[in-house]
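Chain residues, written in single-letter form:
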Amino acid sequence: MGGGREVLGALSAPPALRICHLYPDLLNLYGDRGNIMVLVQRARWRGLPVTVTEVGLGEAVAPDAGDLFFIGGGEDRQQRIASDDLCRIKRAALEEAMRDGGVMLAVCGGYQLAGRYYRPAEGEDLQGLGLLDLWTEHPGPTTRRLIGNLVIEVEGMDDPLIGFENHGGRTHLGPGARPLGRVLTGFGNNGEDGWEGAVSRRVYGTYLHGPFLPKNPAFADRLIREALERRHPGVVLSPLPDAQAARARAVMLARLGQRAAG
Ligand code: GLN
């Protein structure tokens, strides 16, 4: 009959981190894939099972394909291809995953596509997923790109986030999204209002490239914890020794005239 319920297994198994990497080949500017490597390794160091599901062009994504969805950066040409695919065959599932407590990290070109629309340097607007209440417009091919090191202060985090930005698009937030952080060094969303990135529910968008999670282990852990909480509320992550990352961060912050906390 198969009517039994697995009780012991469910209680004793460590929670698994399920990552879904969208467009790993198409959107992987500046080694965004490195963010996935950091998430995987930090889970493994804690003895947590990890799965990474890659979903590319033309492939459907299940709302349950992951608890942490990642989408990286790309140039306008790649973004146009991704925009069409996202809106045609992935949007409904991703909306459902986010409603259900899923986490998303969207970087640069992916960040722009998580918003309502992206107006590229040339050509028609690209539709976004609308998971973040924001829009992005590129003023044109002759306008200065926003390039350089980027340091932001994030509410609720002791230390700033460090990364690199390179985008032509200027992003503006609507009332339904709040900024991820305040710019300490660099340009951020548009180089004018002092804000960087966006958050809504557990959807995070940012211009921090790099990849940026190797430089910001505390933020990587925040994403891992929130992803695990979807199926394991109250989960606690054991701390990891991050002395090397802390030294690298201190050097970078000093070079940029910023100071690490503590
Ligand atoms: N094409 C977008 C822009 O220039 C995004 C670039 C990127 O992902 N680095 O704004």
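Residues numbered from 1 in each chain as written. Predicted model: local features only at pLDDT ≥ 70, side-chain atom pairs only at ≥ 80, totals over all residues. Heavy atoms only, no water.

Thoughts on the UniProt feature "domain: CobB/CobQ-like glutamine amidotransferase" (unreviewed entry) in the protein
- Within this numbering scheme, the UniProt entry marks residues 18-216 as carrying the feature "domain: CobB/CobQ-like glutamine amidotransferase" (unreviewed entry).
- Along residues 18-216 one finds 22% helix and 31% strand; the C-alpha atoms at either end are 20 Å apart. (UniProt positions renumbered as here; feature names shortened; annotations may be inferred. Helix = DSSP H or I, 4+ residues; strand = E, 2+ residues; numbered from the N terminus.)

Examining helix α6 (residues 243-255)
- Under the 1.5 Å per step criterion, the end-to-end length of α6 is 18 Å for 13 residues, consistent within 8% with the ideal 18 Å.
- Of all the positions in α6, only A245, R249, M252 and L253 are classed as buried. An end-on view of α6 places all buried positions within 95° of arc, on one side of the element. Opposite its buried face, α6 presents the exposed residues Q244, R247, A254 and R255, each directed more than 90 degrees away. (Expected span 1.5 Å × (residues − 1). Buried < 20%, exposed > 50% of the residue type's maximum accessible area, 1.4 Å probe, protein only. Arc of directions from axis to C-beta.)

Focus on the sheet that holds strand β4 (residues 103-107)
- Across the sheet, which stays open at both edges, the 6 strands sit in the order β2-β1-β3-β4-β14-β13 with mixed pairing between neighbours. Only two strands of the sheet have a single partner each, and these edge strands are β2 (50-55) and β13 (198-200). The sheet shows a mean angle of 15° between the axes of neighbouring strands, taken without regard to direction.
- Of the pairings in the sheet, the one linking β13 to strand β14 (residues 203-206) comprises 3 bridges and is antiparallel in character. In the strand pairing of β14, A198 is matched with G205.
- Lying on the sheet, helix α2 (residues 33-45) is in contact with β1 (17-22), β2, β3 (68-71) and β4; it crosses β1 at an angle near 170°. (Pairing = 2+ DSSP bridges. Axes fitted to C-alpha atoms, helices over the stretch in contact; angles between N-to-C directions. Contact = heavy atoms within 4.5 Å.)

Describing the packing of α2 against helix α5 (residues 217-229)
- Between α2 and α5, the shortest axis-to-axis distance is 10 Å and the interhelical angle comes to 75°. Regarding the angle of α2 to α5, the classification is roughly perpendicular. Here V38, L39, R42 and A43 of α2 come into contact with α5, specifically with P217, A220, D221, L223 and I224.
- Class assignment of the residues belonging to the contact of α2 with α5 gives a composition of 7 nonpolar, no polar and 2 charged. (Parallel < 35°, antiparallel > 145°, perpendicular 65-115°, else oblique. Nonpolar A, V, L, I, M, F, W, Y, C, P; charged D, E, K, R; others polar.)

Considerations on the site of the ligand
- Taken together, 16 residues form the shell around the ligand, and within it D76, Q79, C108, Q112 and G169 come nearest.
- At 2.6 Å from a nitrogen atom of the ligand is found a side-chain nitrogen or oxygen belonging to D76.
- Contact distances for the ligand include 3.0 Å between an oxygen atom and a backbone N or O atom of G109.
- Contact with the protein chains hides 98% of the accessible area of the ligand, taken as 300 Å² for the molecule alone. (Near = heavy atom within 4 Å. Polar contact = N/O pair within 3.5 Å; in protein donor to acceptor, adjacent residues only side chain to side chain. Areas by Shrake-Rupley, 256 points an atom, 1.4 Å probe, with all protein chains shown as cover.)

Notes on the environment of W45
- In this structure, W45 sits in helix α2.
- Distance in space between the C-alpha atoms of W45 and A106 is 24 Å, their sequence separation being 61 residues.

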